[in-house]
Structures are given as structure tokens and as C-alpha cells.
Amino acid sequence: MLIIKDFSLRHTIESGQPLAFYSDYTRQHGKEELRYVTQKGIIWFRLSGERADYTFEGEYTKSSAGEEIRRRFSIDEDIMHIYKSISTDEFMAKAIKEFHGLRITCNDPWETALCFVVSQFNNIKRIRGIMRNLINEFGPVYDGIHLFPGPEQIADSSTARIRACGTGFRDRYIKRLAEEFSSGFDAKRLYRMKYDDAKAKLMALDGIGDKVADCILLFGYNKLEAFPIDVWVKRVMEKAYFNGRKTSMRQIHDFSAERWGKYRGYAQQYIFWYGREKRMI
DNA sequence: ACCCAGGCGGGCG
DNA sequence: CGCCCGCATGGG
């Protein structure tokens, strides 16, 4: 059993992070459960207050599954220090207070890249459906359950089979991404690279632009200085920080770096989720 | 019917 | 640089 302080599974999952795109989350009578698959197996994660427990299947052991969970939810991160350091104005302080315990998840780079290539010009509900289709179509079966597919499993398929999962025009991006991640692109190397250099490497891939690259760095590499700007973040920030004026991406990037520094990825996730939940637009 | 969705690539001035 | 366009698909 684990004790996790300052953690809201609900805000973490519902704020549209990669895990939410392909897992089952339930909450009733104060008990929460998340079932998710990885390339190695299946994890059942249960939470009641601050008490967490888990079961697993696949290649995991009790200890490696525990490690998976610790890493995925950044359990060892000093979250209160991060909250304090980005609570630099009333809007952010209020968002953090109301949605206490929202954490940036730390996911696998390939999983994250696939999720956010699917996400472009799309909505969260459909992203979920497409991710589930991809898992059911390409994920290897373990004990009757499809695991998360590895890049090589998609790289070998036709674009038609990818498109049949509902991806639309993103089929060729997905195919090329899978090819890159299964050979050629050294995904592990980006862990050790500085933010700017890693971002340039990602943006060199077909179908990955400014926003998706930042998502992969934030949710896949835990580079907390990444600040993904999507339509929601842009509009909420224009309203809350720029007097309703149209503001360029460049200006918003600069503003976020200056205001929230190296933890601005957290600020971004609060802006995104708080803005949507409070129907600010 | 119309509009939009956690954008990107390509072409243009 | 900035701006504009097309892009698959499904839900409101």
C-alpha cells in the first residue's frame, strides 16, 4: 500500500492527459479506480483518500508495478513546492486551490507521442475512441486484454488499417511516427537533452509541430518547462492575462516563461483544465 | 445545415 | 516572421 499526499486522481485524469485517452476511470463512494495498459502489462490502481493500492498483470512484479505507479504520478515530486512557486497571481492561486492535487503525469514517450499526434485538430472524446481502436487493433493480447501497442506493431501495418481506426488524415503521420520510433529516432536520448534541443528533434518529425512537441516533452519526458498552447490555453490566457486582446503564440510563450519559469507546464495544465471546467470561454 | 475539436504542413507576401 | 488554407470524422 502507498500513501500519497496532495494528489487528486480525478483532476489528474479528467484534465485530459495521455492516460485519460486510453484507460478506464471510475469513482464511487469516495473510492476511485483506474485501469490502464502499458506495453508491459495491465495495472489496476485504486485510491481511497490518501491510501492507494494496486494489482497488475503481465511482465510486472509487485515492486516494478509499484515503480510504474510512482513514476507515472510523480509521487516523489515535491508538489507543494511547485504549486507555491507558480502561485504568482490570483488566477493561478485560485485554480490551484480549487483543483488541489492535479499532477502532471509522467508517461512513456512513444505512448505520449501517439496520443498527441492523434489529438491534433480533434476533440478529447474522439481521441479516446481512436486510441482505444488503435489498442484493440494493434496491441498484443495478454490474457484476453490488449496491451498498448509498440511502435513496431504499427510501423508494419498499412495506412488503410490505421485509418480504419478512425484516425482520418492523421494515418500517415501515425505510420511515420511508428516507423521513426521503431528505428531511427532515438527517443531515449531526449531525456538527457535540454528542452530546446529536444523540442527541435521532435519538431523535425512529420506531424509534430510546436504544440504537440510541447505535449510530448511535458507528459512524456516530464520536462516541466514545456508549455503547450492549444486553442483553449490561448483563449483563456487572452481573457485572464491579456485583457481579451488577441495575442500571438510567441508572446504567450514568452509570458509563460517569464511568469512561471521552470514549472510552467503545471501552470499550463491548470489554465487548460480550470478554463474548461469553469466554462471561461 | 452548420460549427468546432488539446494543429500541422505548405504556400504566400 | 505572420497569415491563410485544406485536412477526416463525429458530436452538438
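The preceding data block contains the structure.
Residues numbered from 1 in each chain as written. Chains lettered and ligands numbered in written order. Predicted model: local features only at pLDDT ≥ 70, side-chain atom pairs only at ≥ 80, totals over all residues. Heavy atoms only, no water.

Observations concerning the side chain of D89
Secondary-structure assignment places D89 in the loop between α4 (79–86) and α5 (90–98). At a separation of 3.1 Å, a polar atom in the side chain of D89 contacts the main-chain amide nitrogen of F91. Here R259 takes part through its side chain, which lies 3.1 Å from a polar atom of the side chain of D89. The residues contacting D89, other than those within four sequence positions of it, are Y241, R259 and W260. (Helix = DSSP H or I, 4+ residues; strand = E, 2+ residues; numbered from the N terminus. Polar contact = N/O pair within 3.5 Å; in protein donor to acceptor, adjacent residues only side chain to side chain. Contact = heavy atoms within 4.5 Å.)

Re the protein's contact with DNA strand B
With respect to spatial proximity, 29 residues lie near DNA strand B, and among them N122, N123, I124, R235 and Q268 are the closest. Atoms of DNA strand B within 4 Å of the protein belong to the sugar or the phosphate in 61% of instances, the rest to bases. In this structure, G209 approaches DNA strand B through a main-chain N or O atom, which is 2.9 Å from a phosphate oxygen. With respect to DNA strand B, the side chain of R276 contributes an N or O atom lying 2.9 Å from a phosphate oxygen. Of all the secondary-structure elements, those providing two or more residues to the surface near DNA strand B are α13 (210–220), α14 (231–241) and α16 (264–277). Here the surface near DNA strand B is composed, by residue class, of 13 nonpolar, ten polar and six charged. (Near = heavy atom within 4 Å. Nonpolar A, V, L, I, M, F, W, Y, C, P; charged D, E, K, R; others polar.)

Some thoughts on α14
Every α-helical turn comprises 3.6 residues, leaving residues that sit three or four positions apart pointing alike. The complete set of buried residues in α14 reads V233, K234, V236, M237, E238 and Y241. For α14, the secondary structure elements touched by its buried residues are α5, α15 (249–260) and α16. (Buried < 20%, exposed > 50% of the residue type's maximum accessible area, 1.4 Å probe, protein only.)

Digging into the environment of D196
Structurally, D196 can be placed in helix α12 (residues 195–203). Sequence separation between D196 and E225 is 29 residues, and the spatial gap between their C-alpha atoms is 9.9 Å.

Some details on empty space enclosed by the protein
Applying the stated criterion to the full structure yields one cavity of 30 Å³ or more. The volume enclosed by the largest cavity comes to roughly 30 Å³. Of the residues that constitute the lining of the largest cavity, the class distribution is two nonpolar, no polar and three charged. (1 Å grid on protein atoms, 1.4 Å probe; cavity = no way out; pocket = protein on both sides within 12 Å on 5 of 7 lines; lining within 4 Å. Points joined across faces, edges and corners; volume = space filled by probe spheres on them.)

Examining the protein's contact with DNA strand C
Lining the immediate surroundings of DNA strand C are F121, N123, R126, R163, G168, F169 and R170. The sugar-phosphate share of atoms of DNA strand C within 4 Å of the protein amounts to 50%. Between a base oxygen of DNA strand C and a side-chain N or O atom of R126, the distance comes to 3.0 Å. In the model, a sugar or linking oxygen of DNA strand C is placed 3.2 Å from a nitrogen or oxygen of the F169 main chain. Each residue belonging to the surface near DNA strand C can be placed in one class, and the counts come to two nonpolar, two polar and three charged.

Describing the pattern of salt bridges
Inspection of the entire model under this criterion finds 19 salt bridges. R10 serves as the salt-bridge partner of E14, at 3.1 Å between the closest nitrogen and oxygen. Here R10 and E14 lie together in helix α1 (residues 9–14), a separation of four residues that amounts to about one turn. Classification of R10 by relative accessible area gives partly exposed; the value is 24%. Its salt-bridge partner being D206, residue R172 comes within 3.6 Å of it at the nearest N-O pair. Here the residue R172 occupies a position in helix α10 (residues 171–182), and D206 occupies one in the loop between α12 and α13, the gap between them amounting to 34 residues. Owing to a relative accessible area of 31%, D206 belongs among the partly exposed residues under this scheme. Linked by salt bridges that have partners in common, E68, R71, R72 and E111 make up one network. (Salt bridge = Lys/Arg side-chain N within 4 Å of Asp/Glu carboxyl O.)

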